[in-house]
Amino acid sequence: MEAFVQLLNNVLPSLLQGVGVTLQIAAVSLLLGMAIGLPVGVGRVYGPRWLQRALAAYITLFQGTPLLIQLFLVYYGLPDLGLTLGRMEAAFLTLGLNSGAYQAEYLRGALQSVGEGQMTAARAIGMSKWLAVRSIILPQALRLVLPAWSNEAIAMLKYTAVVFLIAVPDLMGQAKILSSRYFAPIPIYMIVAVFYIVLVGATYLLLRQLERKLHIPGLTGETH
Amino acid sequence: MSTATAPILRIENIHKSFGETRVLTGISLTVQPQEVVVLVGPSGSGKSTLLRCINLLSPPDSGRIWLEEQEITAPGVNPDKVRQRIGMVFQDFNLFNHLTALGNVMIGLTKVRKMSKKEAHDLAMFELERVGLVDRAHHYPAQLSGGQKQRVAIARALGMDPHMMLFDEPTSALDPELTGEVLEVMQQLAREGMTMIVVSHEMGFARQVASRVVFMEGGVVVEEGTPTQMFEQPVHERTRVFLRKIADMDSGGR
Amino acid sequence: MDFVQNLVTTFNFILQGVWVTIGVTLVALSVGLVFGVAMAMARVYGNSFLQAVAAVYSVIVRAVPVVVIIFILFFVIARFVNLSPFWAGSLALGFASGAYQSEIFRGAFQAVPPGQMIAARAIGMSKLQAIQSIILPQAVRLALPAWGNEATLVLKDSTLVFVVGVPEILRRAQQVSARTLEPFMAFSVAMLLYLILTLVTTQVLQWFERRYRLQM
């Protein structure tokens, strides 16, 4: 027990630094993913046919392959094409593109569940298609997408744990260094697991709070 | 019915509560072999609970039940064995959704009665024949009408070779035009001498088929008698009022 | 070495990893299926102790990144038995997948109408018999769409056993890129092979779903 407390004292500062990096990567990737997912999701539903096809290809590529391979392709592969990214930039870009594909799909589902009637009614009062999307459909869809988006936020938080494989000093990155320094992989990874449980738990509670706040009475998607 | 024969079922002062709600508050009832007892009473009077107590799906809190002279509420009695002797038919059929009509009848035969596939198949076809559904043997529940589903459910219960049958509002989930085919099968069973307890508000069936009508309210038996007694000259005012209401609904309310 | 020759080398080298990836995925899915169904049964039909165990397993494991679970179990397993990285990694991945599968099957068990259990008990089946021959066959069909989704997730997560040195697609891509010095080519080929794997898997699963859809 004493040995464990000693170990905890030794590793805690580095791990906390790692938590900061983990949170930073998760937040940036989610926001980047949102910036990508929003237009992609809208384009996927309301865009011209060619655009829908192109966006579907992007989504299939990123949903159909493992994040880790995407990460390696971006970090180790892109320099072959003359595009060299730093570790953090590679992590942001890959996770952002990956999350963007998922967020676009969630938004597409939400947009489609808002229902034809809303669009028809908006067009009936003289709105253009794009105005109707912007001011009638999207505000409803964004609230409907919130539960799925919460899941995505938690998934992203967990998936950041692979970026240590391109030597980003996140929580796992620190753990890897520490476990070889102290020859104690099992307790250190256990501590890391507890950190993730706390992070995921806190995020979960926070997002549930947000969902409650943004809830509109009676607003549910049409079930098919 | 002479009292010389031993009763097939004897219920003595059973009580049953769900949490704070007292559903049965001292029910006693005796059923002779080959009797058809129709249970009537307002919703919430405990009729369905009584049926579920009889086959121990929800065992009574106190009181005793004898089935063919064996006390089934005694400790150490295997309820699975008891249920094999008592067939039950539900309001909402509860056919096994993943099995065909034939499969629904067969599964109890193979899994519980441990028959071979061949034996089970032949007996199941025989039971489907009894309810007039041989041509629907390979249909799934979703492909059957409500009346057909209920007839398959009856065949499933009959396959277990029950010594008595419980019917829990067998026709109340059916469209009016489909109740006839189910009641006909039940009437046929009664003619063959099956002992039956039927929770139902089908007054025509009660008049024609019942040997006894039992009126329950508030968790107790208020009054019982032959259909003629009950419909023509009930002793209790509450019985009269209730049966009148049912009769009105039957004749035109729906 | 010229481009075409490198491409052929790369492709052939990574292709052998495809079988390892499929192997890891199948083992992990099977292990996860056993864990998942058992835990879901404990959660829905077990006593309060079993319910608590199953709930803790599900909540904890799903709150921790899969790669962390693989690391922990890899080191824990290595303490007790001498397993190859393939088996240790696959078992760990399966243990993680079990938590997600337990949620899928819990939902499916609960979606089977309660009347099914009552009717099964009414013809004299024991509780275990009823679960086995009435509830489980229906729950499995109900679970198929979500389970298919989990299967493709495990297929993709199987790259994570890379960290314990299993020579699956990604590991072999990394190895061949060190030889050809063309990482873009290596990881692109890996990605393409993966894309084919997931697309084929999705098709197969959809066929199953259509074939075994349950009408209620």
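Residues numbered from 1 in each chain as written. Chains lettered and ligands numbered in written order. Predicted model: local features only at pLDDT ≥ 70, side-chain atom pairs only at ≥ 80, totals over all residues.

1. Some thoughts on the overall build of chain A
Put simply, the rule is: Here a strand is any run of E in DSSP of at least two residues, a helix any run of H or I of at least four, and the numbering for each starts at the N terminus. A residue is called partly exposed when the number of other C-beta atoms within 10 Å of its own lies between 12 and 20, exposed at 12 or fewer, and buried at 20 or more, with C-beta atoms placed from the backbone. Throughout, a pair of residues is in contact if the C-beta atoms placed from their backbones lie within 7 Å.
What chain A contains, in helices and strands, is 9 helices and 0 strands. For chain A, the C-alpha atoms occupy an extent of roughly 70 × 45 × 25 Å along the three principal directions. Looking at chain A residue by residue over its 224 residues, the buried ones come to 40%. When contacts within chain A are restricted to residue pairs at least 6 apart in sequence, long-range pairs at least 24 apart make up 77% of them.

2. Points about the overall build of chain B
Threshold: In this description the radius of gyration comes from C-alpha coordinates, and the expected globular size is given by 2.2 Å times residues to the power 0.38.
Looking only at helices and strands, chain B has 9 helices and 10 strands in total. For chain B, whose C-alpha radius of gyration is 18 Å, the value lies close to the compact-globule estimate of 18 Å for 254 residues. In terms of principal-axis extent, the alpha carbons of chain B reach across some 55 × 50 × 40 Å. Here chain B holds 254 residues, and 46% of them are scored as buried. Considering only intrachain contacts with a sequence separation of at least 6, the fraction spanning at least 24 residues in chain B is 66%.

3. Examining the nonpolar core
Applicable threshold: Each nonpolar core comprises buried Ala, Val, Leu, Ile, Met, Phe, Trp, Tyr and Cys residues, the members being joined through C-beta atoms within 7 Å.
Counting residues in hydrophobic clusters, the biggest one holds 211 residues, and the most contacted among them are C:Val68, C:Ile69, C:Ile70 and C:Ala190. Apart from residues lying up to four places away in sequence, C:Ile69 is in contact with C:Val61, C:Val64, C:Ala92, C:Phe95 and C:Ala96.

4. Digging into the interface of chain C and chain B
Convention followed: Each residue is assigned to one of three groups, with Ala, Val, Leu, Ile, Met, Phe, Trp, Tyr, Cys and Pro labelled nonpolar, Asp, Glu, Lys and Arg labelled charged, and all others, Gly among them, labelled polar.
If you look at the interface, chain C gives 19 residues, while chain B gives 22 residues. For the side of chain C that touches chain B, the elements supplying multiple residues, two or more each, are helix H5 (114–122) and helix H6 (127–157) of chain C. Residues of the side of chain C that touches chain B, tallied by class, amount to 9 nonpolar, 8 polar and 2 charged.

5. Looking at the sheet that holds strand E2 (residues 21–31) of chain B
Pairing between sheet strands relies on hydrogen bonds along the backbone, with the strands arranged either parallel or antiparallel. Residues and elements named next belong to chain B. Where we set the bar: Strand pairing is defined by DSSP finding a minimum of two bridges between the two strands. Interaxial angles span 0 to 180 degrees and are taken between N-to-C directions of axes, which are lines fitted to C-alpha atoms, for helices over the stretch in contact.
As summarised here, the arrangement of the 4 strands in space is E2-E1-E4-E5, forming an open sheet in which the pairing is antiparallel. Only two strands of the sheet have a single partner each, and these edge strands are E2 and strand E5 (70–71). Two elements, strand E1 (residues 9–18) and E2, share 8 bridges in a ladder whose sense is antiparallel. Across the sheet, the residue bridging to Ile-11 is Leu-29, located in E2. In the packing of helix H1 (residues 47–54) onto the sheet, contacts are made with E1, E2 and strand E4 (62–67), and the angle to E2 comes to roughly 65 degrees.

6. Some details on the environment of C:Val200
Residues and elements named next belong to chain C. Along the polypeptide, Val-200 turns up in helix H8 (residues 183–211). In this structure Val-200 comes out as exposed when scored by C-beta crowding, with 10 C-beta atoms within 10 Å. Once the C-alpha coordinates of Val-200 and Met-39 are considered, the two residues, 161 residues apart in sequence, prove to be 30 Å apart.

7. Quick notes on the interface of chain C and chain A
Taken together, the contacts link 28 residues of chain C with 28 residues of chain A. Those elements that provide at least two residues to the side of chain C that touches chain A are helix H2 (48–63), helix H3 (66–80), helix H7 (169–180) and H8 of chain C. The element contributing the most residues to the side of chain C that touches chain A is H8(C), with 10 residues. Among the residues forming the side of chain C that touches chain A, the class breakdown is 22 nonpolar, 4 polar and 2 charged.

8. Here we look at unusual backbone geometry
For B:Asn13, which is not glycine, the phi dihedral falls at a positive 55 degrees. Checked against the element boundaries, B:Asn13 lands in strand E1.

9. Some words on the pairing of strand E8 (residues 195–199) of chain B
A regular strand places its side chains on the two faces of the sheet in alternate fashion. Residues and elements named next belong to chain B. Condition: Look down the strands so they point away from you; if going from the first strand over the helix to the second traces a clockwise path, that crossover is right-handed.
Counted residue by residue, E8 has 5 buried out of 5 residues, so it is predominantly covered. Covered by surrounding structure in E8 are Thr-195, Ile-197 and Val-199 together with Met-196 and Val-198, the residues of both alternating faces. As paired strands, strand E3 (residues 36–40) and E8 are joined by 4 bridges and run parallel to one another. Bridging from a neighbouring strand, Val-37 pairs with Ile-197 of E8. Where strand E7 (residues 164–168) lies against E8, 5 bridges are found, and the strand directions are parallel. Of the residues in E8, the one forming a bridge with Met-164 is Thr-195. Chirality of the crossover, the property in question, places the unit of E7, helix H6 (residues 176–191) and E8 among those that are right-handed.

10. A few points about the sheet that holds strand E10 (residues 220–225) of chain B
Residue and element names in this part refer to chain B. Strand order in this open sheet of 6 strands is E6-E7-E8-E3-E9-E10, and the pairing throughout is mixed. Of all strands in the sheet, those bounded by a partner on one side alone are strand E6 (86–89) and E10. The mean inter-strand angle of the sheet, taken between neighbouring strand axes irrespective of direction, is 20 degrees. Lying on the sheet, helix H5 (residues 146–159) is in contact with E6 and E7; it crosses E6 at an angle near 170 degrees.

11. What to know about the pairing of E6(B)
Residue and element names in this part refer to chain B. Residues Ile-86 and Met-88 of E6 are buried on one face, and the alternating residues Gly-87 and Val-89, pointing to the opposite face, are buried as well. Bridge count between E6 and E7: 4 bridges; the pairing is parallel. Paired with Gly-87 across the bridge in E7 is Met-165.

12. Notes on helix H4 (residues 85–111) of chain C
All names here are of chain C. To be explicit about the condition: Expected span, for any helix, means 1.5 Å times one less than how many residues it has. Throughout, the bend at a residue refers to the angle made by two axes, fitted to the seven residues ending there and to the seven starting there.
When the terminal C-alpha atoms of H4 are compared, their 38 Å separation across 27 residues agrees well with the 39 Å that a helix rising 1.5 Å per residue should span. For H4, the principal kink sits at Ala-99 and spans about 30 degrees. Of all the 27 residues making up H4, 19 are buried; the element is thus mostly covered by neighbouring parts of the structure.

13. A word on the packing of H4(C) against H6(C)
Residues and elements named next belong to chain C. Definition in use: In these notes the angle categories are as follows: under 35 degrees is roughly parallel, over 145 is roughly antiparallel, 65 to 115 is roughly perpendicular, and the rest is oblique. Handedness of a crossing follows from how the near helix is turned relative to the far one, being left-handed for an anticlockwise turn of less than a right angle and right-handed for a clockwise one.
One can describe the packing of H4 onto H6 by two numbers: an axis separation of 8 Å at closest approach and a directional angle of 150 degrees. By the angle between their axes, H4 is roughly antiparallel relative to H6. Crossing hand, H4 versus H6: right-handed. Each of Leu-93, Ser-97, Tyr-100, Gln-101, Ile-104, Phe-105, Ala-108, Phe-109 and Ala-111 in H4 lies in contact with H6, whose residues at this interface are Ile-135, Ala-139, Leu-142, Ala-143, Ala-146, Trp-147, Glu-150, Val-154 and Asp-157.

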